[in-house]
Amino acid sequence: MMRQKRCKVENMDEHRLIAQLLDPVTQRKAFEAVVRQYSEQLYWQIRRIVYSHEDANDVMQNTFIKAWNNLDNFRSEAKLSTWLFRIAINESLDFVRRNKNISTASADDSNMGVANMLVADSYFDGDETAALLQEAIARLPDVQRTVFNLRYFDDMKYSDISRILETSEGALKASYHIAVKKISEFFNKHD
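Let us look at the structure shown here. Given the structure is predicted, the values throughout are model-derived calculations rather than measurements.

A separate point is the overall build of the protein. Helix and strand counts for the protein come out as 9 helices and 0 strands. Counting from the amino terminus, helix and strand elements in the protein follow one another as α-α-α-α-α-α-α-α-α. In the protein, which comprises 191 residues, the share counted as buried stands at 48%. Long-range pairs, those at least 24 residues apart, make up 66% of the contacts in the protein with a sequence separation of at least 6.

Counted at 1.5 Å a residue, the expected span for helix α7 (residues 142–153) with its 12 residues is 16 Å, and the 16 Å between its end C-alpha atoms agrees. Buried positions along α7 lie against α2 (27–50), α4 (80–99), α6 (128–138), α8 (158–165) and α9 (169–189). Positive phi shows up at D155, right after α7, with a value of about 50°.

So, on to α9. Over its 21 residues, α9 runs 30 Å from end to end, which matches the ideal 30 Å to within 8%, given 1.5 Å per residue. Listed as buried for α9 are L172, S175, Y176, A179, I183 and F186. Along the long axis of α9, the arc covered by the buried residues comes to 100°, so they all point the same way. α9 presents H177, K181, N188 and K189 as exposed residues on the side facing more than 90 degrees away from its buried surface.

Moving on, we come to the packing of aromatic side chains. For the coordinates displayed, the defined rule picks out 10 aromatic pairs. Through pairs of rings, three or more aromatic residues link up here, namely F148, Y152, F153, Y158 and Y176.

A few words now on the pattern of salt bridges. Evaluation of the coordinates by the stated rule reveals 8 salt bridges. Between R48 and D154 there is a salt bridge, with its nearest N and O atoms 2.8 Å apart. Within this pair, whereas R48 is found in helix α2, its partner D154 is found in the loop between α7 and α8, the two being separated by 106 residues in sequence. Considered together, R48 and D154 belong to a single accessibility category, that of buried residues.

With that out of the way, let us pick up the environment of E166. Looking at the element boundaries, E166 is found in the loop between α8 and α9. Looking at E166, the relative accessible area reads 56%, which means it is exposed. As a C-alpha pair, E166 and R86 span 80 residues in sequence and 8.9 Å in three-dimensional space. Here E166 is in contact with R86 and I161, once residues within four sequence places are set aside.

At their nearest, the axes of α8 and α9 sit 9 Å apart, and the two run at 105° to each other. Our classification of the angle between α8 and α9 gives roughly perpendicular. Residues Y158, S159, I161, S162 and L165 of α8 touch α9, and the partners they reach there are E169, L172, K173 and Y176. Its residues assigned to classes, the contact of α8 with α9 shows 5 nonpolar, 2 polar and 2 charged.

With that out of the way, let us pick up the packing of α4 against α7. Between α4 and α7, the shortest axis-to-axis distance is 12 Å and the interhelical angle comes to 140°. Put simply, α4 runs oblique to α7. Once α4 is placed against α7, the crossing between them reads as right-handed. Contacts between α4 and α7 involve F85, I89, L93, V96 and R97 on the former and, on the latter, D142, R145, T146 and L150. Its residues assigned to classes, the contact of α4 with α7 comprises 5 nonpolar, 1 polar and 3 charged.

Parameters and conventions
- For every chain, the first residue of its written sequence is number 1, and the numbers climb from 1 along that sequence.
- With the structure being a predicted model, the display of local features is reserved for residues of pLDDT at least 70 and the display and counting of side-chain atom pairs for 80 or more, all residues being used for whole-chain, interface and lining totals.
- Processing note: side-chain calculations cover all non-hydrogen atoms of the structure and skip hydrogens and water entirely.
- Numbering of helices and strands runs from the N terminus; a helix is a DSSP stretch of H or I covering at least four residues, while a strand is a stretch of E covering at least two.
- Only protein chains enter the accessibility calculation, which uses a 1.4 Å probe; a residue whose area is less than 20% of its type maximum is buried, one above 50% is exposed, and one in between is partly exposed.
- Contacts were defined at the residue level, with two residues in contact if any of their heavy atoms lie within 4.5 Å.
- The length a helix should cover is 1.5 Å for every residue beyond the first.
- When we speak of the arc, we mean the arc of directions from the helix axis to the C-beta atoms.
- Only rings of Phe, Tyr and Trp enter the pairing, Trp through its six-membered ring, and a pair is recorded when the two centres are within 6.5 Å. The plane angle decides the type: under 30 degrees is stacked, over 60 is edge-to-face, the rest tilted.
- Take a side-chain nitrogen of Lys or Arg and a carboxyl oxygen of Asp or Glu: if they are within 4 Å of each other, that pair is a salt bridge.
- Lines fitted to the C-alpha atoms define the axes, with helices restricted to the stretch that makes contact. Angles between their N-to-C directions range from 0 to 180 degrees.
- Geometric relationships in this document are graded by angle, where less than 35 degrees denotes roughly parallel, more than 145 denotes roughly antiparallel, 65 to 115 denotes roughly perpendicular, and other angles denote oblique.
- For this classification, Asp, Glu, Lys and Arg are treated as charged, while Ala, Val, Leu, Ile, Met, Phe, Trp, Tyr, Cys and Pro are nonpolar and the rest, including Gly, are polar.
- By convention the crossing between two helices is left-handed if the near helix lies anticlockwise of the far one by an angle smaller than a right angle, and right-handed if it lies clockwise.

Below, the structure written as structure tokens:
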């Protein structure tokens with residue numbers, strides 16, 4: 001299944017890492033540490049939005065390029081992970097919109113595109129039910145899909161999601177509730 005395996009990340013003291021990122025002398029080395037520290041988390045978040053391993057790698061690379069190019073715009077009062085997740089999610093959603101990827105299949109479309117694509121993907125280690133869950137998630141609007149992924153797969157608190165998506169916790173709770181209802185309806189139709 002595409003559920004991210006939880007792993008303890010070797011966290012360099014965030015304040016020290018941010019200071020090194022903002023110092024031109026240590027910036028490159030600090031950014032290498034950022035890439036090592038956040039690659040896996042970002043990959044799985046991106047992968048749940050774009051579905052394809054190759055596309056996820058491309059989007060992740062674009063995410064790190066955008067982060068590198070915008071280090072001067074990083075507000076150090078925000079958490080580094082929040083800033084990176086925001087960039088990754090925006091890059092992922094932009095990718096999906098640009099490519100009109102199969103992940104944006106219409107709910108009217110009876111073709112089980114995402115499920116079939118995932119089952120055929122050698123990087124996907126789930127069963128048919130996991131593929132159907134991804135199909136149901138793919139049919140959600142962008143915001144609901146993103147909120148569901150962050151809450152369900154990453155077990156992220158609404159307060160953290162609120163900072164990443166820059167919206168209220170109440171709106172996020174409503175989006176999550178609606179997403180769960182739509183996913184349940186999808187499974188009821190496919191029983």
